[in-house]
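Analysis of the macromolecular model
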Amino acid sequence: MSAEPPGPELHRSAAVARLVLRPGTIPGSVERVDLLDGAATVSTTRFVPAVDVGGRAGRLDLTPWPGVPAEPILVVYHRTRQPGCRGVPPLSRAAFRLDPTDIKEPVMTHPETPEDPATAPDRAVVGVAATVDFGSTRTVGGVHDLRSVFYRPRQLPEEALRRAAEVGAFTYDTDSDPALQIEAKTDFDPTVRARAWREVLGWPPLARNHLAATRAVSSDIVVTDGVVGFAGETVGDAARIRGSKRYLADLDREVPGTGMTGRDLFPRIYRRFLELVVEELDLPAGPRWLSVTFPTRLPPDRRDALLELLEKDQIASQVDMRIDEAAAAASFYLLKRFGNDAVLGVEAFRLHARCPQGFRAWDEPRTWDAAREWHENLLVIDVGGGTTDCALVKVAVADVGPAGAGNDSPGRYYRLQPQVIASGGRLHLGGDLLTLSIYTLLKQRYGLPDSATTFAGVEEQIGAERRTAFETLWKAAEQVKRIGLRDEEPRRVDVVFGTGAGGDRNTVHVAAEKLGKGHGDGTADRRITVTAEDLAAMIDDVALRVAALATGIAAGGLHTLRPKGARTPYAEQSVDAVLLSGGSMLGTALRLRLEDALRERFAGDGLDPGFELHFDETYCKVGTVLGGMYLNAVSRFSPHPEDAKVVAGLLNGRSYFGVDVSRLHTNLAADFFVQHDAEGADWSEPIFRRGDALTGHGSAAYAVSGSYSLIPHILVHRFDVSPGEDADQHSGTGTALTVWAEDDLPHQLATELAARKIGMRFEIDQEERITLQIGRGTPRPVLDGEPVALAADAPADLVRDRVLVRDLCLDVVNAGIGVLDLDPGDYLMRAGTPVSPGGTVLAVDGRLLYAATPATGDPDGDPDRRFDLLLEIPSGHHWLSVDEAGALRTHEKRPLPQTVERLEDLLTADEGTVFQRQLNSPSHFDEEKDPFNGKR
């Protein structure tokens, strides 16, 4: 793989600060450069006019900053040239994490002179990003390549017109715009219009979105002298290593047959596959950005460990793991729904979607028309080879036109905001489970002893022979699965052991001599039949287990969507579409049985079984990586609605489309319980409940539990389905599959602390990391900085006797409208709320903070109620604190509690001081359930 060009260089002295860019580092015109120290901005430089550095070297003088940042991050805002695109290029952002030692003294030289393009070697292109989906049986890579496409907006491609002609709904005039004809010919009925658009746009426009994917290759690997490769069809059976993805659950465990632990193996796997991506998709060099999808059920500390390994290995300049496999599969569905033109696709999506109250356009037209946001509820079921991931995703499209353009501007700015409402999965439920059942049946009916295929822990030569026997029988089981499940009903498959040939299309041949000495002797062929009834029982078991998981997730998620304290009528939410993905769904009999099981389970549990069901046979193996790439790429290059050029475009009738994935999880997606004793937990009272709102901005969002008595052995269980409703979930012990996080405290010390009324509580973030806090009373925040100066005429008496005496709210006064109507949940903090010792910390997502006299409780409002401006929240500040004296402070980062380093220090610490640490997850790697453990 060709080397990437050097990254940016940052130079600084007492009087000079300079950014040196090498050729190809930034692909366009630079408008602004920020230097951050962690989350705090220490320098901002704006360039008017913008400086074009695309493809060339450049030197930019920056605003100097004091000191040396401890965590320097360089952020460059630029507009990327997109040949062939009309309109304003979107404002993009490139971020580079630096080491403090990377900031050098300026040298008296100029940047390198660009090489002659005719003689310059291929270089990495910043406009190329990659996503890798490493599955249990197949691995796929996708790229987003801004260099690749020229197109004309709002022109429907030939494929879309062909699809429309096939359904026979419309005929098109050759001299007018087909898009306008659809609008005109369907004006009489919104349901017909919605159906027409879905037919025309219901395919994945990869070229239009600059997307490409590799072929799905086998995830089986081969390790030769420490070099990792992917197994092809010609690789010998004894050399093939299957199921390595399972070791993501325990990176410290040695992967059999490799001589390496997961920590050593996985960076090599991903690096090798990126090399294959570069080769197959003919890229000039490796991608600068890499996104890695992951199983929904993989705990956050396991994700963090893998991400750290890939970053340390420098597999790419920027690596992230923010989109799980279920969310990525939902994104592929949206890629198809939005079609060749995102703005037209959004309009089509709206016609079939719900307004916030749950109504569709034909249910309550006035309510629907008045809405500024519309959504669909998608249940994603991704059944792969080794794992099953499920998620209920609320896909919302919001009209977020900026204030500068006004509500009546001819152009619209639509923002896609996917939210994972509920999610879960099983690490040992997938196609391999079916294959294992067939494998076991064949082994029993042939009379092959267990020792014939047991290769773990035996002498090398014998182990190689037995591995060959295992692989031979496993391949036969895979063939039986493909043949027996390819039709709507399971079909009989004959398996012939011997050396002969012949038979019909329902026959599988097994080379008996590969089963080992004494097990394949003789010349006569032996026939074993796997009946349709055998296969029906196997798929019934898998389908019922997947249906139970998916229904439980859907029911729990839909319950959280019910409005709380709503003043207006609303419709009960339901699953609008079920999306099936994963290679295991290519088995038609399994897919249809799963659909039947879902509808039966939905009806039995009181859910609407009338959902649409979608499955794309062509893209079932690559759709996840394309969806993840689409979500990442569009969000990365989305124009900002407040950009002056975007506002001008909206006023001129141009429409825009953006994606916000910063809050994929705005609510908790599962229930969490703490186990209080050896007998179990109180499964009726979770410490965190599915649907609980997370407080805070972006990745800093969190929720806090109540207080509990301190215990030495702490187990936190995660239930994606309510306890007792799914046989695949177990409760009670530390080996349970539901244990999400755990900790062990010194027993004697924990008992002494508990005797002194020192308790525990938990915090959880949007990636479901759980932090344990131990202390007495409410944690006391450390409030740095001076109180802010309040606006003129602002009331001074906000707090009396440590109780807030005025309501606090954000942005409640709108010019030309007056005071907005407020629901109880719209208040930042209500009058009468006690201020916590040391101060109360609040997350703020607004600009202007107001104080109001307390509400009277009169439903008609208080006409004399005043709203006084307190302060303007500075840009980049997302936290507000109120101390016991009523002083206000704003913060860029959330103020953390006063802490001690050692648990025993709590014995002498003040009230409000805590000991805290992040909990780790137990290993969910169950070797007994691994079909490739060498003991089958």
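Heads up: the structure comes first, above all this text.
Just so it is clear, the model here is predicted, and its values are computed rather than measured.

Definitions and cut-offs
- The numbering scheme is per chain: residues are counted from 1 as the chain's sequence reads.
- This being a predicted model, a pLDDT of at least 70 is required before a residue's local features are given, and a value of 80 or more before pairs of side-chain atoms are given or counted; all residues contribute to the totals for chains, interfaces and linings.
- The side-chain values count all of the structure's non-hydrogen atoms but skip hydrogen atoms and water molecules.
- Throughout, an axis means a line fitted to C-alpha atoms (over the contacting stretch in the case of helices), and angles, computed between N-to-C directions, take values from 0 to 180 degrees.
- Helix and strand labels come from DSSP, where a helix needs a run of H or I of at least four residues and a strand needs a run of E of at least two; each type is numbered from the N terminus.
- Oblique is the label for every angle not falling under 35 degrees (roughly parallel), over 145 degrees (roughly antiparallel), or within 65 to 115 degrees (roughly perpendicular).
- Left-handed describes a crossing whose near helix is turned anticlockwise from the far helix by less than a right angle; the clockwise case is right-handed.
- Residue contacts are defined here by distance: any two heavy atoms, one from each residue, within 4.5 Å place the two residues in contact.
- Each residue is assigned to one of three groups, with Ala, Val, Leu, Ile, Met, Phe, Trp, Tyr, Cys and Pro labelled nonpolar, Asp, Glu, Lys and Arg labelled charged, and all others, Gly among them, labelled polar.
- The rule for pairing is simple: two strands pair if DSSP sees at least two bridges between them.
- Residue types Ala, Val, Leu, Ile, Met, Phe, Trp, Tyr and Cys, when buried and joined through side-chain atoms within 4.5 Å, form a set referred to as a nonpolar core.
- Accessibility here uses a 1.4 Å probe with only protein chains present; expressed as a share of the type maximum, an area under 20% marks a residue as buried, one over 50% as exposed, and anything in between as partly exposed.
- Should a side-chain nitrogen of Lys or Arg be within 4 Å of a carboxyl oxygen of Asp or Glu, the pair is scored as a salt bridge.
- Here the expected span of a helix is defined as 1.5 Å times the quantity of residues minus one.
- Centre distance within 6.5 Å is the pairing criterion for rings of Phe, Tyr and Trp, where only the six-membered ring of Trp is used; planes under 30 degrees apart are then read as stacked, over 60 as edge-to-face, and the remainder as tilted.
- As a reminder, the over-ring test applies to NZ of lysine and CZ of arginine, requiring each to be within 6 Å of the ring centre and within 35 degrees of the ring normal.

Quick notes on the packing of helix H9 (residues 431-446) against helix H11 (residues 532-560)
- Contact geometry for H9 and H11: axes closest at 10 Å, N-to-C directions at 150 degrees. Judged on the interaxial angle alone, H11 and H9 are roughly antiparallel. The handedness of the crossing between H9 and H11 comes out as right-handed. Residues Leu433, Leu434, Ser437, Ile438, Leu441 and Arg445 of H9 touch H11, and the partners they reach there are Asp534, Leu535, Met538, Ile539, Val542 and Arg545.
- Here the residues of the contact of H9 with H11 sort into eight nonpolar, one polar and three charged.

As for the sheet that holds strand E32 (residues 739-744)
- Spatially, E28-E31-E32 is the arrangement adopted by the three strands of the open sheet, whose pairing is antiparallel. The two strands at the open ends of the sheet, each matched to only one other strand, are strand E28 (671-675) and E32. Here the average twist between neighbouring strands, direction ignored, is 15 degrees.
- Bridging between E28 and strand E31 (residues 713-719) involves five bridges; their strand directions are antiparallel. By the bridge assignment for E31, Asp671 is matched with Phe719.

As for the nonpolar core
- The biggest cluster of nonpolar side chains holds 64 residues, and the ones touching the most others in it are Leu379, Ile381, Leu442, Val575, Leu594 and Leu598.
- For this core, the element with the most residues is H11, which contributes twelve residues.
- If we skip the residues at most four places from it in the chain, Leu379 touches Ala391, Leu392, Ala550, Ala554, Val575, Ala577, Val578, Leu579 and Phe602.
- Listed in part, the 49 residues of the second largest apolar core include Leu335, Val346, Leu351 and Trp374.

Here we look at the pattern of salt bridges
- In total, this model carries 40 salt bridges according to the counting rule given.
- When the shortest N-O distance is used, the salt bridge between Arg601 and Asp605 registers 3.5 Å.
- For Asp605, a relative accessible area of 38% translates into the label partly exposed.
- Across the pair Asp765 and Arg769 runs a salt bridge whose closest N-O atoms are separated by 3.3 Å.

A closer look at helix H12 (residues 588-604)
- Over its 17 residues, H12 extends 24 Å from the first C-alpha to the last, a length consistent with the 24 Å expected when each residue adds 1.5 Å.
- Thr588, Ala589, Leu590, Arg591, Arg593, Leu594, Glu595, Ala597, Leu598 and Phe602 are the residues of H12 that are buried.
- Packing partners of the buried residues in H12 comprise strand E19 (373-383), H9, H11, strand E25 (577-581) and strand E26 (612-615).
- Immediately beyond the C-terminal end of H12, within one or two residues, lies Gly606, with a positive phi of roughly 80 degrees.

Some remarks on the environment of Glu742
- By the element assignment, Glu742 lies in strand E32.
- Judged by relative accessible area, Glu742 falls into the partly exposed class, the value being 26%.
- Note: C-alpha distance between Glu742 and Val716 (26 residues apart in sequence) is 6.1 Å.
- Those residues in contact with Glu742 that lie beyond four places of it in its chain are His713, Ile714, Leu715, Leu919, Asn920 and Pro922.

Here's the deal with unusual backbone geometry
- Despite not being glycine, Lys757 has its phi angle at roughly 65 degrees, a positive value.
- One can find Lys757 in the loop between helix H15 (747-755) and strand E33 (759-765).
- Assessed through its relative accessible area of 69%, Lys757 is described here as exposed.

Structural notes on the sheet that holds E19
- Read from one edge to the other, the open sheet built from six strands follows the order E26-E25-E19-E20-E21-E27, with strand pairing classed as mixed. Each of the sheet's edge strands pairs with one partner strand only, and the pair in question is E26 and strand E27 (656-659). Adjacent strand axes in the sheet meet at a mean angle of 25 degrees when their direction is disregarded.
- As judged from the four bridges shared by E25 and E26, these two strands associate in the parallel manner.

Brief notes about the packing of aromatic side chains
- Scanning all chains against the criterion turns up 15 aromatic pairs.
- With a centroid separation of 5.2 Å and 70 degrees between ring planes, the pair formed by Phe602 and Phe611 is classed as edge-to-face.
- By relative accessible area, which is 0% here, Phe602 ends up buried.
- A network of ring pairs unites the aromatic residues Tyr439, Phe455, Phe470 and Trp474 as a single cluster.
- Positioned above the aromatic ring of Tyr77, the side-chain terminus of Arg32 is 4.5 Å from the ring centre.

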